[in-house]
Amino acid sequence: MDDEISHVQGLIRFIDWQELGFGAPAAAESGEEALKLLQSASFDVLISDVSMPGMTGIELAAEAKRLHPHIQILMISGYNEFEFVQDAIHVGAQAYVLKPLKTEEVAARLRTFRDALRMRMEVMEQTRELEKKVSESVRLVKERFVNDLVADAIPVAELLDSWRELLPVPALERGYRVIVVGLDRYLASGLDAKQRMRLAGGFKKTVEIGFSHDEGIWLAQTSPDEFVALHLSPSPAALALAEKQFAFIQTMMGEQYEATVTIGCSDEGKAWEEASLLYKEIRFGMAKARLVADGQIVRREEAERGDFEAYRMREEFVPGLLRHMEAGDSEQAAQAMDRIKDALLAAEAASFSYAQAFGMSVLSELIRSSKMRGGAGADDSIVMWRQMLDCGSAAQMAELLAEFVRTHMAIERKAHLNQQHHLIRNVSQFIEERLRENWTVKQLAEQFNLNASYLSVLFKKETGRTISEFVQLTRIKRAKELLQDPNVKVYEVADEVGIQTTAYFTYLFKKLVGSTPQEYRDYGYSADD
């Protein structure tokens, strides 16, 4: 689409559309006419001039992308209209060519479009094939579900919602058990790569056969030497049969491959949210059992609960809390503190002195981390130790720790916000002082020793505008001041605020102010401006 008919007819006549893989083009003499065509049919490519009477090429490109998100857009512009092209690319145009048009250049852009469209079609087709295969393979779907569930990477409610479209997630009428089957000393066995592949293949086949008797067992391979299974709503008879299969798997691996297998079986889980914890707990029990001997069947014992909680406190809860504190994430830090409180209460049930040791170890890590960040001093630390020793219950210890975290994070957050405010003020001032220069976001980021993406996000967060929007608004604000001086010509104003052409300056000014620069100068501003 072009406002110069010679260009339109030339493109239709001299481009070999069929050879390029396109059908015969449709032509329009205005943006409004082209929009009607886009609304009535689907198109893969739009070619438009950026500067047209009525609807501009930029506006047409934006509408085309809204109607047909996949459409490839080629803009035609004059030599002095490049800033229009920047706006067009911002709304979704993929390429541009300069006037006078060269057939071979337009054809080259169209070939690129054709290749992009073909790749898109291939990706869509492959995605459809993959969806078909996934929906046809119930076993694969179940395996991915189990992997996602025990990985605990996605909130369980969100996980269940996403999987229900592919899998009828059953109601847990009789609960479930988590079974972990681990090949002992797989990597420390001294086998070469070929022997390990043979062993892993035999292990996979044996476990799959061992649990094939029960459709209520959903099996997933988490690594070459580990399988995890969910035994869903098992009856007493099903539980007894599963126990027999444990022995079958261990015997077969021993006879066929001279390998030992340790199997862990959790307590009953009542809700899906417990699966990840049950999985971690039984793996911890298996690791302890292997210190004594390989090839055992491990069940979770109450005596191990304290050890497991201590392990989680050391390896999971406290490091997680410190990560959230460092990231300034108050919500996640509060959730981590809730887990620490639960662990303290569980420890108190066994022994108050045991819970107090837990609390002191957590406080020690918090103080150490705070000192590394320049936080609590020696006097503050002594006060905290005394307050912890004065606590009469695990709940009091948990509240003391939570208050320490809240206070520390509030101080950190205030300091961080002050740093961010100061930084963005400096960036804004830097831009305002150099309006005539065209700095890219990357150049600005390098100037302030920042990552470009981080600067963009932080600037938008602090000012409510992107850097590009801020530059445009600042230029127009300065232009409005200059236009109030009748001795400064419009083209001089454009140059003074860093806009290269009067045409683009007029376009941008009208877009943001609602009138042309001359109209604004003549009667558009007041004394307040």
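One can find the structure itself at the top, above this paragraph.
Anyway, here's the lowdown on the structure attached to this text. Note that the structure is a prediction, hence the values are computed from the model and not measured.

The rules behind the values
Residues numbered from 1 in each chain as written. Predicted model: local features only at pLDDT ≥ 70, side-chain atom pairs only at ≥ 80, totals over all residues. Heavy atoms only, no water. Salt bridge = Lys/Arg side-chain N within 4 Å of Asp/Glu carboxyl O. Buried < 20%, exposed > 50% of the residue type's maximum accessible area, 1.4 Å probe, protein only. Helix = DSSP H or I, 4+ residues; strand = E, 2+ residues; numbered from the N terminus. Core = buried A, V, L, I, M, F, W, Y, C linked by side-chain atoms within 4.5 Å. Contact = heavy atoms within 4.5 Å. Phe/Tyr/Trp six-rings, centres within 6.5 Å; stacked < 30°, edge-to-face > 60°. Pairing = 2+ DSSP bridges. Axes fitted to C-alpha atoms, helices over the stretch in contact; angles between N-to-C directions.

Turning our eyes to something else, we now look at the pattern of salt bridges. The tally for this structure, following the rule as stated, stands at 19 salt bridges. Measuring nitrogen to oxygen at the nearest pair gives 3.1 Å for the salt bridge that ties Glu 268 to Lys 270. Note on Lys 270: relative accessible area 57%, which makes it exposed. For Asp 495, the salt bridge is made with Arg 436, and the minimal N-O distance between the two is 2.7 Å. On the criterion of sequence distance, the pair formed by Asp 495 in helix 19 (residues 490-496) and Arg 436 in the loop between helix 15 (394-432) and helix 16 (441-447) is long-range, its members being 59 residues apart. Each member of the salt-bridge network shares a partner with another, and the members are Glu 399, Glu 403 and Arg 406.

Turning our attention to the nonpolar core. The nonpolar side chains of a soluble globular protein tend to be buried, and buried together. In terms of nonpolar packing, the biggest core is built from 34 residues, with Leu 60, Ile 73, Met 75, Val 493, Phe 505 and Phe 509 touching the most fellow members. Elements supplying a minimum of two residues to this core: helix 2 (31-40), helix 3 (57-67), strand 2 (72-77), helix 4 (82-90), helix 18 (467-483), helix 19 and helix 20 (502-513). Counting residues per element, this core draws most heavily on helix 20, at five residues. Filtering out sequence-adjacent residues up to four positions away, Phe 509 remains in contact with Ile 476, Ala 479, Lys 480, Leu 483, Gly 514, Ser 515, Thr 516, Pro 517 and Tyr 520. Counting 31 residues, the second largest nonpolar core, distinct from the first, contains Ala 333, Ala 347, Met 388 and Phe 404.

Applying the stated rule across the entire model yields 12 aromatic pairs. Considering the side-chain rings of Phe 430 and Phe 448, the 5.6 Å spacing of their centres and the 80° angle between planes classify their relative orientation as edge-to-face. Placement of the pair is Phe 430 in helix 15 and Phe 448 in the loop between helix 16 and helix 17 (452-463), with a sequence separation of 18 residues. Seen from their ring centres, Phe 509 and Tyr 520 are 5.5 Å apart, and the 65° between their planes marks the pair as edge-to-face. Taken together, the residues span a long stretch of sequence, with Phe 509 in helix 20 and Tyr 520 in helix 21 (residues 517-524) at a distance of 11 residues. Here Phe 509 matches Tyr 520 in class, with each residue buried. Through a chain of ring-to-ring contacts, the aromatic side chains of Phe 145, Trp 163, Tyr 176, Trp 218 and Trp 272 assemble into a single cluster.

The strand order 5-6-4-7-8 describes an open sheet built from five strands, whose pairing is mixed. In the strand order of this sheet, the two ends are held by strand 5 (217-223) and strand 8 (297-299), each with one partner. Strand-to-strand twist in this sheet, taken as the mean axis angle between neighbours without regard to direction, amounts to 20°. Taken together, the seven bridges between strand 4 (residues 176-183) and strand 6 (residues 226-232) define a ladder with antiparallel strand orientation. Bridging across to strand 6, Val 178 finds its partner in Leu 230. Along the sheet, helix 8 (residues 193-210) contacts strand 4, strand 5, strand 6 and strand 7 (261-265); its crossing angle with strand 4, the most-contacted strand, is approximately 155°. Sheet strands in contact with helix 9 (residues 236-257) are strand 4, strand 6, strand 7 and strand 8, and its direction is about 165° off that of strand 7.

Moving on to unusual backbone geometry. The omega angle of the peptide bond from Lys 99 to Pro 100 is -5°, so this bond is cis rather than trans. Assignment of secondary structure puts Pro 100 in the loop between strand 3 (95-98) and helix 5 (103-136). The phi dihedral of Arg 185 is positive, around 50°, even though this residue is not glycine. Assignment of secondary structure puts Arg 185 in the loop between strand 4 and helix 8. Phi angles above zero are rare outside glycine, and Glu 258 is one such case at about 55°.

Function-wise, these values are silent; they only describe arrangement.
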